[in-house]
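# Overview (structure and organization)
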Amino acid sequence: AIAGALVVAASYSYQFGRLGGLTRALFAEKLENVNKQLQLRRDFADKQLQEEIKMNQLIEAHKVATEIEQKKAETRRLLQDLESKQEETTARLDELVVEVKEHGLAFD
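Heads up: these notes are all about the structure in this document. (Residues numbered from 1 in each chain as written. Predicted model: local features only at pLDDT ≥ 70, side-chain atom pairs only at ≥ 80, totals over all residues. Heavy atoms only, no water.)

## Let's talk about the overall build of the protein chain
- The helix and strand inventory of the protein chain stands at one helix and zero strands.
- Put simply, the protein chain has 108 residues, and 2% of those count as buried.
- Carbon and sulfur atoms provide 61% of the accessible area of the protein chain, an area that totals close to 10,200 Å². (Helix = DSSP H or I, 4+ residues; strand = E, 2+ residues; numbered from the N terminus. Buried < 20%, exposed > 50% of the residue type's maximum accessible area, 1.4 Å probe, protein only. Areas by Shrake-Rupley, 256 points an atom, 1.4 Å probe, with all protein chains shown as cover.)

Rendered as structure tokens:
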């Protein structure tokens with residue numbers, strides 16, 4: 001009876017050991033697949049993040065370029081205003097010189 005119990009115990013141990021080993025192997029395989037899927041998702045998320053960063057950089061660059069063009073246009077307008085005022089001032093000075101000469105005053 002004791003020998004029979006030992007045989008049964010050894011049989012269960014052998015069967016459950018094999019079953020446990022198989023279960024561990026299946027679990028390891030599933031875990032590896034899950035890890036692969038997670039890595040694929042991480043890679044995809046990283047790629048999307050890099051694309052978003054690039055897009056945001058392009059948007060910022062476009063904003064800066066637009067601001068620069070607006071500043072250039074404003075600078076051109078101010079320069080034209082200055083040139084116009086310079087022409088007006090030069091014309092007025094010429095008029096004053098003529099008036100002074102007409103009144104007999106001389107510049108030295």
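## Details of the pattern of salt bridges
- Summed over the entire model, instances satisfying the criterion amount to seven salt bridges.
- Through salt bridges with shared partners, one network takes in E74, R77 and D81. (Salt bridge = Lys/Arg side-chain N within 4 Å of Asp/Glu carboxyl O.)

## Some words on a nonpolar patch on the surface
- Residues M55, L58 and I59 make up a contiguous nonpolar surface patch of roughly 290 Å² in combined accessible area.
- Residue position: L58 is located in helix α1 (residues 2–102). (Patch = residues over 30% accessible without salt bridge, like charges linked within 9 Å, V, L, I, M, F, W, Y side chains within 5 Å.)

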